[in-house]
Every structure is written in C-alpha cells, then in structure tokens.
Amino acid sequence: MLKLYHNDMSSCAQKVRFVLQEKGVEWESEELNLRTGEQLKPEFLKINPKGLVPALEHDGKILVESNVIIEYLNEVFPDPPLLPTDPYSRALVRGWMKRLDDGMHLETIVLSFGVAFRHQLIAALDTDEALERHFASIPDPYIQEVQRQVVTAGIASPRFEQAIKAFEKLLSELDRELASHAWIVGDDLTLADIAYAPYGTRLEHLHLHGMWDDKPNFARWYAALKTTPGYRAGLTKWFNPKYLPLMDEAGKQAWPRIAELIASVDA
Ligand SMILES: N[C@@H](CCC(=O)N[C@@H](CS)C(=O)NCC(=O)O)C(=O)O
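An account of the packing of helix α3 (residues 66-76) against helix α4 (residues 87-124) is requested, with residue identities and associated values reported.
Contact geometry for α3 and α4: axes closest at 10 Å, N-to-C directions at 150°. When the axes of α3 and α4 are compared, the pair comes out roughly antiparallel. For the pair α3 and α4, the contacting residues are N67, I70 and E71 in the first and R94, M97, L100 and D101 in the second. Along the lines of polarity and charge, the residues of the contact of α3 with α4 split into three nonpolar, one polar and three charged.

Summarise the packing of aromatic side chains; cite the residues concerned and give the values.
For any pair of aromatic rings, geometry is given as the distance between the ring centres together with the angle between the planes. By the definition in use, this model includes 10 aromatic pairs. Taken together, a centroid distance of 5.8 Å and an interplanar angle of 50° make the contact between Y5 and F44 tilted. Highlighted residues: Y5 in strand β1 (residues 2-6) and F44 in helix α2 (residues 42-45), separated in sequence by 39 residues. The exposure classification of Y5 matches that of F44, with both residues buried. Three or more aromatic residues link up through ring pairs in this structure, and these residues are W212, F218, W221 and Y222. Taking NZ or CZ as reference, R35 lies 4.7 Å from the ring centre of F117, over its face. One Lys or Arg, R35, reaches over the ring of Y243 and ends 4.6 Å from the middle of that ring.

About the thresholds
- Residues numbered from 1 in each chain as written.
- Predicted model: local features only at pLDDT ≥ 70, side-chain atom pairs only at ≥ 80, totals over all residues.
- Heavy atoms only, no water.
- Axes fitted to C-alpha atoms, helices over the stretch in contact; angles between N-to-C directions.
- Helix = DSSP H or I, 4+ residues; strand = E, 2+ residues; numbered from the N terminus.
- Parallel < 35°, antiparallel > 145°, perpendicular 65-115°, else oblique.
- Contact = heavy atoms within 4.5 Å.
- Nonpolar A, V, L, I, M, F, W, Y, C, P; charged D, E, K, R; others polar.
- Phe/Tyr/Trp six-rings, centres within 6.5 Å; stacked < 30°, edge-to-face > 60°.
- Buried < 20%, exposed > 50% of the residue type's maximum accessible area, 1.4 Å probe, protein only.
- Lys NZ or Arg CZ within 6 Å of the ring centre and 35° of its normal.

This is how it looks when you write it as structure tokens:
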C-alpha cells in the first residue's frame, strides 16, 4: 500500500504525484493543510521530524525527501523507466536533481514568499509579535531566517534579488541545454524533467512567465511537459483556485521590478 502525505500546491509533492501517475500506481492521499500547520503536529512530526511534505509510506516503511522518493518509485515500479540506460546520462539526471536540493528549492521559497505568500501571512498575523511567533515555529533555522527577510521586506529584500538572479541563471542554462534535445537529459522524459516541472509551474503561477520570453527552448520544453498525463494528474488537477488569483495578482504587481533585476543579470 502506498500512502502519500502531501499538499495540493506543494512543489515537492507535485513531482511525486507526477511520477505516481506516470507509473500508473494506485495511492492513498493524506492531504495536509500547510497554512493551518498540520505538518507541525506531533503525529506528522513522527513521520517527518522536519515537518515537511511530501512523505511516502510504502507497506509501513516511511520515506521523505521528494527526490529520494521519486528515485525509489522509479526503482520499485520500473515501467515506464524514468532514468536513461547509460550511466553518464543517469548521472546527469541526478546532477540536475541535486541542484534543486542544493539551493534552487530554497530560492523558490524566497520567490513565493517575497512575491505572494507574505501578503497572506501579514494579513493573517497582524502584529510583529504574531509574525515573530510564526517565524520561531519554523523547524529549519535557515528557512526561518529566509522567511524573516523576505516576509518583512518582500521584493526589496537583497535575499529576493539573489533568488531572482539564481533563477535567471538556471533558466538560461536549461534553455541552452534544451537547444539540442527534447527533454533535459536527452530525447526521453526523465526524473529530471519531472523534478523541474513544479518550479516552472511556480514561476508561472507567480506571473513570472516573462522570464522565458527570451528562452525559446525552455518555453517549448515547459509547454510539452504540461501536456503529459503525469503533469495533468499530478499538478493541474490539484491546482488550488483559492491561491492562483492571489499569486498571479501579486506577481503582476511585482513584475516591473523583477524585470529590472533580470535585465541586470549576466547569464
Ligand atoms: N527537500 C524537501 C523539501 C520539502 C519542502 O520544503 N516541503 C514544503 C512544501 S514544497 C513544506 O512542506 N513546507 C511546509 C512549511 O513550509 O511549513 C523535499 O524535496 O521533499
């Protein structure tokens, strides 16, 4: 039995649902409301002490970390294969996935909070003390600090600028890579494409799709990804209409400043 602890809009959960769909396996859904802090309740902290989704339970065994989970699923359910056959290409897929864990996921948190989620937090926690209690409740001290900076200063935060620049460089690199093949590592869909799908999506939801106006290969890749059954079932089906207009509106307002930041990047 497979049970996924997840959340509708969580980027890390999106990639796991994408793989589950590609593999055609049945799974049980245990959705957590991250806004009300269900991920920090003692019963979930027993499953993932970091208080983060996704977590996968397979026949009583627990796994956390989305990239670990999708590799596991690819091994346990080999069809269709989502890793290339030759070792060098497999290593390239893992290299791309590692970059997400090495920083790009954190940069996504910076963008999401800096553009949009900060407005909801500030509205819900309307005193400095309430906001500080929220920051202090975040288990990971690094994420705590990042949230303090971008929730307080938004897109004017130097930390926000750093995140935009990191994304601009990443998208430029992906655009160059995708000039010579259909998917990130070669001509077949792999875990690398699936792992990056949620990040293109988050940028689009934050009204930052202008970031690939000058990146035709990335634009083509992202459009193709969105037509796959895995994307439709793992991402589109779960998009929460309560958040999308807020994210889009906040992004629209932030875009002129973001476009200026992008123009200053030497990618
Ligand atoms: N490296 C982890 C990151 C997991 C993570 O950051 N999950 C976010 C959703 S994408 C979460 O649970 N956030 C809860 C919170 O912010 O309290 C993974 O890849 O699974």
